[in-house]
Amino acid sequence: MRLRTPLEAPNGRILKVGEYARYSTEEQNPRSIPDQFAYSEKVLSENNAPDYEKTQLSDAELSGELVSRPGIDRLRRGIARREWDLIIVEDSSRLYRHETECMVLVEEAVDEGIRVICINDFVDTAEPDWRERLHDAARHHAQTNKYTSHRIKRTHEALWNLQAGLGKCRQGYSRRASYPATDREPERGPFFDSVNPTEAAMIKTAYEMVAAGDDLALVADWLSKQGLRKCSGAKYSDYSVKNVIDLIRRTIHRAFDTYRNKVSEKKLRTGKSRQRHRPEKVLTREMPHLRVVSDSLWYAANRMIDSRRRKTNVPSGDDHPLANIPRDSRFPLTKLFVCDICGNKMWSDGRNEGGYRCGGVRSECCWNKATALRDCVHKKISEVVVRELLSLDSTLDILVERINSVLRSERDYERQSLKLRNQVQKLTEECERLGEAVAKGKRDDPLETLLNLLVKKEQ
Ligand SMILES: [Zn+2]
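Rules of the game
Residues numbered from 1 in each chain as written. Predicted model: local features only at pLDDT ≥ 70, side-chain atom pairs only at ≥ 80, totals over all residues. Heavy atoms only, no water. Phe/Tyr/Trp six-rings, centres within 6.5 Å; stacked < 30°, edge-to-face > 60°. Buried < 20%, exposed > 50% of the residue type's maximum accessible area, 1.4 Å probe, protein only. Lys NZ or Arg CZ within 6 Å of the ring centre and 35° of its normal. Donors = N, O, S within 2.8 Å, 3.2 Å for Na, K, Ca; no water. Tetrahedral: all angles 85-135°; square planar, octahedral: opposite > 155°, others 65-115°. Helix = DSSP H or I, 4+ residues; strand = E, 2+ residues; numbered from the N terminus. Pairing = 2+ DSSP bridges. Contact = heavy atoms within 4.5 Å. Axes fitted to C-alpha atoms, helices over the stretch in contact; angles between N-to-C directions. Core = buried A, V, L, I, M, F, W, Y, C linked by side-chain atoms within 4.5 Å. Polar contact = N/O pair within 3.5 Å; in protein donor to acceptor, adjacent residues only side chain to side chain. Disulfide = S-S within 2.5 Å. Expected span 1.5 Å × (residues − 1). Arc of directions from axis to C-beta. Parallel < 35°, antiparallel > 145°, perpendicular 65-115°, else oblique. Left-handed = near helix turned anticlockwise from the far one by under 90°.

### Concerning the packing of aromatic side chains
Item 1. As enumerated under the stated definition, the model contains two aromatic pairs in all.
Item 2. Between Trp298 and Tyr299, the aromatic rings sit 5.0 Å apart at their centres with planes inclined by 80 degrees, giving edge-to-face as the arrangement.
Item 3. Trp298 sits in the buried class, given a relative accessible area of 7%.
Item 4. The ring of Trp130 carries the charged tip of Arg131 above its face, separated from the ring centre by 5.7 Å.
Item 5. The ring of Tyr179 is capped by Arg188, whose NZ or CZ atom sits 4.6 Å from the centre of that ring.

Following this line, the structure appears as structure tokens:
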């Protein structure tokens, strides 16, 4: 790329260049990052760039559709601080495969007086037509991913109609390739499944045990002892009750196959994907040659599992009040207090009893595996909150005195007031969360009188 506007060092100092590179999981090429840097530097030297000081930022194995990535976040912070005079990338899709975000980032840079060059897109913000060029390029890059995903989806649908095997080969079946491996080539698909008689016999027995009302843990034990293969990628070789339920629920055993029970949907704003149930997108097909059990046995076993469900009208999916909230941040105090040993944040953990655990344990940088039980923690903290609230009078006095002294001194008034305002906001937020915790605490506690106390206080 030949630049029309020459590269010049700003008056009195060296040119500062920010280089950014990225490759995504699909491309799987770790070499790509040094290559991208080398390419950018080649273009700089071809255009007779003066001596420059460079900062290299990169994101490895991260999709350009993700709005937040460590390297790109660092680049944005650097732009806000005007750390560079020039930002150079191989093409704009390295920055973002996201139309709006890509434009926003480059606009932010230009607003801060930073020149941006996307080599292969012929975008140089020193030229007047850069917005049109960048817009076209960004749209093109964003669409490439869409086309790829459409192509993959189309291929899967064609295979589905061919009655080929898709996804993992499940227990009870064997998979064979249409073109077996030769000396020169590995095996090639499409792949087709057939019933594996040994595994199918074990599965049928499992159905009979469940239908007869056997305990599911017993069935799980039996399957583990029989050594029924688990799907590839399974974490444990033994069967759990959940594994047994999944096995019994699988409709392919009564010759009815489904695919795409969950689809991956991208959140437009963040570019993050999440799995969702979309009943209208599920593909179905009859596969009589894959039958393992009779319809009557399949339904009998499934009815037996249904009959053991104690809660039937629990909202599920997006209707559930806790949908899309990560399990470890569902409680008001998560992240609010820290481990005394390593200083990491304490996270809520565990489903039923539950409590707070040090966040450093999972990353193996802390030995504190103790659990602060949720009820105990909430109770203790509530007590402190109540005590503090009751002594609010004296706190107010101190505050008033402090403000008065600040006003008297008048020095640094602005700075102090800003600092205090921030502090007040932070404390208010924490108080709100603590309040929530109190409200969620034990009902039959003396703390229930908290509200009354507060009311009295206000009068
Ligand atoms: Zn710790």
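From this point, the discussion proceeds with the structure in view.
### Some remarks on the coordination of the zinc ion
Item 1. Coordination of the zinc ion by the protein is provided by Cys339 (SG), Cys342 (SG), Cys358 (SG) and Cys366 (SG), with metal-donor distances spanning 2.3 Å.
Item 2. Every donor counted, the four donor atoms about the zinc ion form angles of 96 to 120 degrees at the centre, which fits tetrahedral coordination.
Item 3. Written as a sequence motif, the donor arrangement for the zinc ion is C-x2-C-x15-C-x7-C. Of this pair, Cys342 sits in the loop between helix 9 (295-307) and strand 12 (346-349) while Cys358 sits in strand 13 (residues 355-358); the two residues are 16 residues apart in sequence, bridging distant segments of the chain.

### Details of the sheet that holds strand 14 (residues 372-373)
What links the strands of a sheet is backbone hydrogen bonding, and the strands pair in either a parallel or an antiparallel sense.
Item 1. The three strands are arranged 12-13-14 in an open sheet whose pairing can be described as antiparallel. Two strands lie at the open edges of the sheet, namely strand 12 and strand 14, each paired on one side alone.

### Comments concerning unusual backbone geometry
Leave glycine aside and you will find that most residues have negative phi; peptide bonds, for their part, are mostly trans.
Item 1. Residue Ala255 is not a glycine yet carries a positive backbone phi of 75 degrees.
Item 2. Mapping Ala255 onto the fold places it in the loop between helix 8 (241-249) and strand 8 (256-259).

### Focus on the sheet that holds strand 1 (residues 15-23)
Item 1. The strand order across the open sheet built from five strands is 2-1-3-4-5, with neighbouring strands paired in mixed fashion. Because the sheet does not close on itself, it has two edges, and the strands there are strand 2 (52-60) and strand 5 (123-124).
Item 2. Sheet topology note: the strand 1/strand 2 ladder contains nine bridges and is parallel. The residue of strand 2 that forms the bridge with Tyr23 is Ala60.
Item 3. Along the sheet face, helix 1 (residues 32-46) touches strand 1, strand 2 and strand 3 (86-89) and points at about 145 degrees away from the line of strand 1.

### Let's talk about the nonpolar core
Item 1. Formed by 27 residues in total, the largest nonpolar core has its most connected members in Tyr207, Val210, Val219, Leu223, Val244 and Ile248.
Item 2. Contributing elements (two or more residues each) for this core: helix 6 (197-211), helix 7 (216-226), helix 8 and helix 9.
Item 3. Discounting residues that sit within four places of it in the chain, Leu223 has contacts with Met202, Ala206, Leu228, Tyr239, Val244 and Leu247.
Item 4. Counting residues in hydrophobic clusters, the runner-up holds 22 residues, among them Ile87, Ile114, Cys118 and Trp130.

### Things to note about the side chain of Asp59
Item 1. Inspection of the secondary structure assignment puts Asp59 in strand 2.
Item 2. A distance of 2.7 Å separates a polar atom in the side chain of Asp59 from the backbone nitrogen of Gly71.
Item 3. Sequence-distant contacts of Asp59, that is, excluding residues within four places in its chain, are made with Tyr20, Ala21, Arg22, Tyr23, Ile33, Arg69, Pro70, Gly71 and Ile72.

### Looking at the state of the cysteines
Item 1. Evaluation of the coordinates by the stated rule reveals zero disulfides.
Item 2. The cysteine Cys365 is free of any disulfide, with Cys342 supplying the nearest cysteine sulfur at 5.8 Å.

### Thoughts on helix 10 (residues 374-390)
Item 1. Compared with an ideal rise of 1.5 Å per residue, which puts 17 residues at 24 Å, helix 10 spans 24 Å between its outermost C-alpha atoms and is within 8% of the ideal.
Item 2. Those residues of helix 10 that sit buried are Arg374, Val377, His378, Ser382, Val385 and Val386. Within helix 10, the buried residues cover an arc of 160 degrees as seen down the axis, which keeps them to one side. The exposed set on the far side of helix 10, more than 90 degrees from its buried face, consists of Lys380 and Arg387.

### Quick notes on the packing of helix 4 (residues 99-111) against helix 5 (residues 130-161)
Item 1. Where helix 4 contacts helix 5, the two axes come as close as 9 Å, and the packing angle between them is 150 degrees. With respect to each other, helix 4 and helix 5 are oriented roughly antiparallel. The handedness of the crossing between helix 4 and helix 5 is right-handed. On helix 5, the residues touching Glu99, Cys102, Met103, Val106, Glu107 and Val110 of helix 4 are Trp130, Arg131, Leu134, His135, Ala138, Arg139 and Ala142.

### Re the environment of Ile14
Item 1. Of note, Ile14 is situated in the segment before strand 1.
Item 2. Take Ile14: its relative accessible area is 38%, and that puts it in the partly exposed class.
Item 3. It is 9.6 Å that separates the C-alpha atoms of Ile14 and Asp85, two residues lying 71 residues apart in sequence.
Item 4. Beyond its immediate sequence surroundings of up to four residues, Ile14 is in contact with Asp51, Tyr52, Glu53 and Asp85.

### Observations concerning the pairing of strand 3
Item 1. A two-sided burial pattern is seen for strand 3, the buried positions comprising Leu86 and Ile88 on one face and Ile87 and Val89 on the other.
Item 2. Bridge count for strand 1 against strand 3 is three bridges, and the pairing is parallel. Each bridged residue has a counterpart across the sheet, and for Gly18 the counterpart in strand 3 is Ile87.
Item 3. Of the strand pairs in this sheet, strand 3 and strand 4 (residues 115-118) are connected by four bridges, and their pairing is parallel. When the bridges of strand 4 are listed, Leu86 appears paired with Arg115.

### So, helix 9
Item 1. Helix length check: helix 9, at 13 residues, gives a terminal C-alpha distance of 18 Å against a target of 18 Å (1.5 Å per residue), a fit within 8%.
Item 2. Within helix 9 the residues assigned to the buried category are Leu297, Trp298, Ala301, Asn302 and Ile305. The buried side chains of helix 9 occupy one side of the element, clustering within an arc of 125 degrees when seen end-on. Exposed and facing more than 90 degrees away from the buried side of helix 9 are Ser296, Arg303 and Ser307.
Item 3. Elements that come into contact with the buried residues of helix 9 comprise helix 6 and helix 8.

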